[in-house]
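Working through the structure, step by step
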Amino acid sequence: MRKHPVVAVLLVAALVLGCFAGVAAADGKKKLAVGAKFYTEQYILGNMLALYLDHHGFDVNKNMGTGSSVTRKALATGQIDIYAEYTGTAWMSYMKQDEVINDPGKLYRAVKEKDLKDNGIVWFAKAPMNNTFALVIPKEKTDAYGKTISSLAEYNNNHPDELIFGMDQEFYERNDGFFEMADLYGMEVDKKQVKLMSVGLSYESLQRGQIDVGMAYSTDGKILKYNLQVLKDDRKFFPPYTLAICVREETMERYPELKELLSPLTETLTDETMQKLNYQVDAEGKPAEMVAQVYLGENGFID
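Residues numbered from 1 in each chain as written. Predicted model: local features only at pLDDT ≥ 70, side-chain atom pairs only at ≥ 80, totals over all residues. Heavy atoms only, no water.

**What about the overall build of the chain?**
Counting its secondary structure elements, the chain contains 15 helices and ten strands. Compactness check: the chain gives a C-alpha radius of gyration of 21 Å against a globular reference of 19 Å for 303 residues, within 12% of the reference. Principal-axis analysis of the C-alpha atoms places the extent of the chain at approximately 75 × 50 × 35 Å. Out of the 303 residues belonging to the chain, those deemed buried represent 47%. (Helix = DSSP H or I, 4+ residues; strand = E, 2+ residues; numbered from the N terminus. Rg over C-alpha atoms; globule rule 2.2 N^0.38 Å. Buried < 20%, exposed > 50% of the residue type's maximum accessible area, 1.4 Å probe, protein only.)

**Describing helix 3 (residues 68–77)**
Think of an α-helix as 3.6 residues a turn; residues three or four steps apart then line up on the same face. Considered for burial, the residues of helix 3 that qualify are Thr71, Arg72, Ala74 and Leu75. Buried residues of helix 3 fall within an arc of 155 degrees about the axis and therefore sit on the same side. Exposed positions of helix 3 whose direction lies more than 90 degrees from the buried face are Ser69 and Lys73. Count one or two residues on from helix 3 and you reach glycine 78, which has phi positive near 85 degrees. (Arc of directions from axis to C-beta.)

**What about the packing of aromatic side chains?**
Counted by the stated rule, this structure contains 16 aromatic pairs. Ring geometry for phenylalanine 133 and phenylalanine 171: centres 5.6 Å apart, planes at 15 degrees, overall stacked. With phenylalanine 133 in strand 5 (residues 133–138) and phenylalanine 171 in helix 8 (residues 169–173), this pair connects stretches of sequence that are 38 residues apart. Comparing phenylalanine 133 with phenylalanine 171 shows no difference in burial state: the two are buried. Ring plane angle 40 degrees and centroid distance 6.0 Å describe the contact between phenylalanine 171 and phenylalanine 238, whose orientation is recorded as tilted. Here the residue phenylalanine 171 occupies a position in helix 8, and phenylalanine 238 occupies one in the loop between strand 9 (228–230) and strand 10 (242–248), the gap between them amounting to 67 residues. When sorted by exposure, phenylalanine 171 lands in the same class as phenylalanine 238, which is buried. Of the aromatic side chains, those joined through ring pairs into one cluster are Phe133, Phe165, Phe171, Tyr172, Phe178, Phe179, Tyr217, Phe237, Phe238 and Tyr241. Across from the ring centre of phenylalanine 58, 4.3 Å away, lies the NZ or CZ of lysine 30, which sits over that ring. One residue, arginine 254, lies across the ring of tyrosine 255, its end atom 6.0 Å from the ring centre. (Phe/Tyr/Trp six-rings, centres within 6.5 Å; stacked < 30°, edge-to-face > 60°. Lys NZ or Arg CZ within 6 Å of the ring centre and 35° of its normal.)

**Observations regarding the packing of helix 4 (residues 87–94) against helix 5 (residues 104–119)**
Relative to each other, helix 4 and helix 5 sit at 55 degrees, their axes nearing to 9 Å. The angle between the axes of helix 4 and helix 5 places the two elements in the oblique class. The two elements helix 4 and helix 5 meet at a crossing, and its hand is left-handed. Only Leu107, Tyr108, Ala110, Val111 and Lys114 of helix 5 make contact with helix 4, whose side of the interface consists of Thr87, Gly88, Ala90 and Trp91. The class makeup of the residues in the contact of helix 4 with helix 5 is six nonpolar, two polar and one charged. (Axes fitted to C-alpha atoms, helices over the stretch in contact; angles between N-to-C directions. Parallel < 35°, antiparallel > 145°, perpendicular 65-115°, else oblique. Left-handed = near helix turned anticlockwise from the far one by under 90°. Contact = heavy atoms within 4.5 Å. Nonpolar A, V, L, I, M, F, W, Y, C, P; charged D, E, K, R; others polar.)

**Focus: the pattern of salt bridges**
Tallying each qualifying case throughout the model produces nine salt bridges. Residue glutamate 85 pairs with lysine 37 through a salt bridge whose shortest N-O separation is 2.8 Å. With glutamate 85 in strand 3 (residues 82–86) and lysine 37 in strand 1 (residues 30–37), this residue pair connects regions lying 48 residues apart in the sequence. Across the pair, lysine 37 and glutamate 85 agree in class, each one buried. (Salt bridge = Lys/Arg side-chain N within 4 Å of Asp/Glu carboxyl O.)

See below:
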C-alpha cells in the first residue's frame, strides 16, 4: 500500500526521535537523552546532568531549549529520559490539580506518588531550592520595609498610596496572584499603586526608583545583579516550586544505579547557590555549560 506523504514524514520523525531516546546502543553503551527548558536555570541544570552522566560512562544526547509543556511531553513519550522539574509546575500545570498545597514536603510527596502511579515518572530526592514567585526590594530599603511580606504590608498600610508595585499581567490578574496575596497579608493596595511590566523590566525599574517593590522568581540571578532583597513569604502564600530530577520509570529499570548516582547532585542546590549560577550566565555572560562544569568540579562531582 502506498503511504501518504505526511505519514511517511511522521514515520521518519519517529525513527529519528527513537535514536535519541534512552535505549542501549548495539555496542552495549549506556545511552540517555537529557532535556531542559528554554531559560537560563534549566540550561545550567541540563548541562549539569549531561556532564555528570557523561563523567559516569553514559553516552548522553542533549535535547534542550524546549518549552515547559513540550519538555514534559518529551519525557512522557520517551523522547528524553531525564530532566529537572519543579513540583508546583507539575502539580498545577501537568496534573491539573486544584488543591493548593503550600507545604513543600507534602507537595513533593503528592507529586512523586501521583506521577509514578499515573505516568510512570520517577522523582528523585528534592533539592533545597524553591524557584517560586517572590517580592523583592532594594536592600537599602530593608530598614524601612523589613525583610518579610508581613513587615512590608505593615509599612504599606501605615503609608497609604506611597509604594508602587511592579509585576507582570499574569500575576496581576490570576486568582491566586497579587491581590489574593495582599488579602492574606492584610495589605491594603489600590490598583493605582500597581505598574504592569515584564519580570525582567521590574529589576531595572527598581534600580531607577520607578517602582518600590517588584515581582521576581526566587532563584533569578538578577536578584544578585541588582542587589535586591527577597522578602520572606512568612505566611506561605506562594506555592512551592521545589526542584527534583525526573526520570522515566522504564529508564530506571534499565539503569537502576541512576537514583543513587544522581540524588547527591541536587543536595547543594539552594536558592542562593542557584542565584549565583544564574548570575554568572545572565550578568557575566558565561556559557551555561561552562558554569555547570565549574560547579560540578568545585563540588567534587567530576574531576
